[in-house]
Amino acid sequence: MTRHLYLDASPPPYNGTRDFIDREAFKKTISVLAARVVPERAGVFLKAKELKSCLMDLPKIRTVVHDSSNPDGDRLVLLRMANKSDIPPEAKEYLDKESKGLVDFQIDLNYNYWTADECLRAFLPEELREGAPSGFALTGHIAHVNLNDEYLPYKHIIGQLILDKNSQVETVVNKLDSIDTKFRFFKMELLAGKPEYVVEHREADCKFTFNFAEVYWNSRLHTEHKRLVDSFKPEDIVADAFAGVGPFAVPAARKGCAVLANDLNPNSAKYLDKNVKDNRVTALVRVSCEDGRDFIRRSVASAYDDPFPAYTGPKKSRVQEERERKILQKLAAEGHPPPPATPTPQPRQKISHFVMNLPDSALTFLDAFRGLLNDDKGRNLSGVYDEMPMVHCHCFTRELDPVLAEKDIRQRAEEKLGYPLPADTIFHLVRSVAPNKEMYCISFRLPREVAFACS
């Protein structure tokens, strides 16, 4: 049986300064054997079954290289062993017959060869290497990390490694534990790179521009953004009470939905308005900047008094329009009556979905729905709302067991609604935020008893 020969390509023990990353300390030379072959035979060697277990297999290292002593002449096929005695008999017989001999070859590895994780593990004290925090979330050109306390003494080293090893990253920040108490975005500190926090980020075929240091954005929620938007119908009106810079509102509008989009943070509202314009959905999104509770309470009247244009479906191409015109001409020529006209779609007045993506406190806003459809202005809201809107409310829970999590969330939601949640309420686990903290989204149809309650 041929034994597998392992080449140790791990970084060398770090002996440089601890004040910064000493790139010169990351150097290592690996000695291997190489078979000298004529250029046109190099491909044959790579496919030879006799050499399958012997060829060089290090990442980022080419198996066939030029002979530095004769660049225009022979090629060198690198092997994964340094001693001839390690070559299996079958491979040795093939090399003796087909190659022009074996030579020693040195592979020089440096700082650029290893990943950020490999370099960080080599740099850190041994007791901190397990779980080294080289992972990050990327938003535009900004990489952001959440460092535990034990890694804070090395935070700038970690930032520099991430910057060096990822060409798309220009700025590295660490999210701090402190959160803006009013607008609920994370405060952060610069670890490496330039202090430029205005980013352009793409998600769901939309472009979002915002100042990452002034607004809330979480790239890990892209799946949740898509999940909810996929549940909307193009003809719906969506009321987004905590819209941020538009991760739900803009893709929904691109789909055809009309959107009332609100955020209390004036910086979020500013960039939300820009993103609406940049993604060409200004006719479908109305931006506001007010308290979420006030927004919910006025949303129904806003949609009723100032309806959105009717959804008329995807725009027809010229080919489709010409095909339909020819069909009508043919029917007329044959004496057939034209097909009945499609009813003219009516303007949109009814909100179909409320989105409440403020997991830290959204449940406390559910009391705003009590008496939502009571009206003293003569509006026919009971007739318009033959079907109650869906409410999608994000929240946190400390309960890790799904049964206990549902019980906890249900109790808090019903306390604010003043009424039991419907039996078919959906409790969707969005993500684990921390070891003892889960993010959920509950989706339920607003009970008529709540909407028409005497608030």
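Residues numbered from 1 in each chain as written. Predicted model: local features only at pLDDT ≥ 70, side-chain atom pairs only at ≥ 80, totals over all residues. Heavy atoms only, no water.

Our focus in this paragraph is the sheet that holds strand E2 (residues 64-66). Pairing is antiparallel across the open sheet formed by four strands, whose spatial order is E2-E3-E1-E4. Each end of this open sheet is capped by a strand with a single partner; those strands are E2 and strand E4 (102-109). When strand polarity is set aside, the average angle formed by the axes of neighbouring strands in this sheet is 45 degrees. Here strand E1 (residues 28-37) runs beside E4; their pairing, made up of eight bridges, is antiparallel. From the neighbouring strand, Val 32 faces E4, where its bridge partner is Phe 105. (Pairing = 2+ DSSP bridges. Helix = DSSP H or I, 4+ residues; strand = E, 2+ residues; numbered from the N terminus. Axes fitted to C-alpha atoms, helices over the stretch in contact; angles between N-to-C directions.)

The tally for this structure, following the rule as stated, stands at 11 aromatic pairs. An angle of 50 degrees between the planes, with centres 6.5 Å apart, marks the rings of Phe 26 and Trp 114 as tilted. Placement of the pair is Phe 26 in the segment before E1 and Trp 114 in the loop between E4 and helix H3 (116-123), with a sequence separation of 88 residues. For the pair shown, Phe 26 and Trp 114 are each scored as buried. For the pair Phe 208 and Trp 217, a centre-to-centre distance of 5.2 Å together with 50 degrees between the ring planes defines the contact as tilted. Residue class for Trp 217 comes out buried when judged on its relative accessible area of 2%. Pairwise contacts between aromatic rings join Tyr 14, Phe 26, Tyr 111, Tyr 113, Trp 114, Phe 123 and Tyr 154 into one cluster. Here the basic side chain of Arg 293 rests over the ring of Phe 365, its NZ or CZ set 4.7 Å away from the ring centre. (Phe/Tyr/Trp six-rings, centres within 6.5 Å; stacked < 30°, edge-to-face > 60°. Buried < 20%, exposed > 50% of the residue type's maximum accessible area, 1.4 Å probe, protein only. Lys NZ or Arg CZ within 6 Å of the ring centre and 35° of its normal.)

With that settled, the discussion passes to the layout of surface pockets. Counted as a void, the second largest pocket has a volume near 420 Å³. Together, 23 residues line the second largest pocket, and Lys 233, Asp 236, Ser 352, His 353 and Glu 387 are the ones closest to its centre. Of all the secondary structure elements, the ones that give two or more residues to the lining of the second largest pocket are helix H5 (222-231), strand E14 (351-356), strand E15 (390-397) and strand E17 (437-445). Broken down by class, the residue content of the lining of the second largest pocket amounts to eight nonpolar, seven polar and eight charged. (1 Å grid on protein atoms, 1.4 Å probe; cavity = no way out; pocket = protein on both sides within 12 Å on 5 of 7 lines; lining within 4 Å. Points joined across faces, edges and corners; volume = space filled by probe spheres on them. Nonpolar A, V, L, I, M, F, W, Y, C, P; charged D, E, K, R; others polar.)

A separate point is the sheet that holds E14. Pairing in this open sheet of seven strands is mixed, and the strands run E13-E12-E11-E14-E15-E17-E16 from one edge to the other. The outermost strands of the open sheet, each flanked by one partner alone, are strand E13 (285-288) and strand E16 (426-434). The mean inter-strand angle of the sheet, taken between neighbouring strand axes irrespective of direction, is 15 degrees. Both E16 and E17 contribute to a ladder of seven bridges, which runs antiparallel. Residue pairing across strands places Phe 427 opposite Ile 442, the latter belonging to E17. This element, helix H7 (residues 266-278), spans strand E12 (258-262) and E13 of the sheet and lies at about 165 degrees to E13. (Contact = heavy atoms within 4.5 Å.)

This part covers the pattern of salt bridges. One pass over the full model with this rule turns up 26 salt bridges. Notably, a salt bridge pairs Glu 98 with Arg 41, separated by 2.8 Å at the nearest N-O pair. One end of the pair, Glu 98, is in helix H2 (residues 89-98); the other, Arg 41, is in the loop between E1 and helix H1 (42-47), with 57 residues separating them in the sequence. What makes Glu 98 partly exposed here is its relative accessible area of 28%. Two residues, Arg 298 and Glu 290, come together in a salt bridge whose shortest N-O distance is 2.3 Å. Overlapping salt bridges, with partners in common, bring together Asp 305, Asp 375 and Arg 379 in one network. (Salt bridge = Lys/Arg side-chain N within 4 Å of Asp/Glu carboxyl O.)

The next subject is the side chain of Arg 80. Among the structural elements, Arg 80 can be located in the loop between strand E3 (75-78) and H2. In this structure Arg 80 comes out as buried when scored by relative accessible area, which is 9%. Within the local environment of Arg 80, its side chain forms a polar contact with the backbone oxygen of Ser 53, the two atoms lying 3.4 Å apart. (Polar contact = N/O pair within 3.5 Å; in protein donor to acceptor, adjacent residues only side chain to side chain.)

On to the UniProt feature "binding site: S-adenosyl-L-methionine" (unreviewed entry) in the protein. According to UniProt, the feature "binding site: S-adenosyl-L-methionine" (unreviewed entry) maps to His 225, Asp 263, Leu 264, Asp 291, Gly 292 and Asn 357 in the numbering used here. The class of Leu 264 is partly exposed, set by a relative accessible area of 33%. Position of Asn 357 among the secondary structure elements: in the loop between E14 and helix H10 (381-384). Residue contacts for Asn 357: discarding those within four places in its chain leaves Phe 242, Phe 248, His 394 and Met 439. (UniProt positions renumbered as here; feature names shortened; annotations may be inferred.)

Our next topic: H2. All of the buried residues in H2 are Ala 91, Tyr 94 and Leu 95. Looking straight down H2, one finds that the buried residues subtend no more than 95 degrees of arc, so they occupy a single side. Seen from the open side of H2, the exposed residues pointing more than 90 degrees away from its buried face are Pro 89, Glu 93, Asp 96 and Lys 97. On the buried face of H2, the contacting elements are E1, H1 and E4. (Arc of directions from axis to C-beta.)

Where empty space is left can be seen by rolling a probe of water-molecule size over the atoms. In the structure shown here, the tally under the stated rule is one cavity of 30 Å³ or more. In this structure, the largest cavity occupies an estimated 40 Å³ of space. The wall of the largest cavity is formed by Lys 175, Phe 186, Met 188, Phe 212, Val 215, Tyr 216 and Trp 217. When its residues are assigned to classes, the lining of the largest cavity shows six nonpolar, no polar and one charged.

Contact pair H3 / helix H4 (residues 155-165): the axes reach a minimum separation of 9 Å and the direction vectors enclose 150 degrees. Our classification of the angle between H3 and H4 gives roughly antiparallel. Here H3 and H4 pass one another in a crossing that is right-handed. Between H3 and H4, the residues in contact are Ala 116, Cys 119, Leu 120 and Phe 123 and Ile 157, Ile 158, Leu 161 and Lys 165, respectively. A class-by-class count of the residues in the contact of H3 with H4 yields seven nonpolar, no polar and one charged. (Parallel < 35°, antiparallel > 145°, perpendicular 65-115°, else oblique. Left-handed = near helix turned anticlockwise from the far one by under 90°.)

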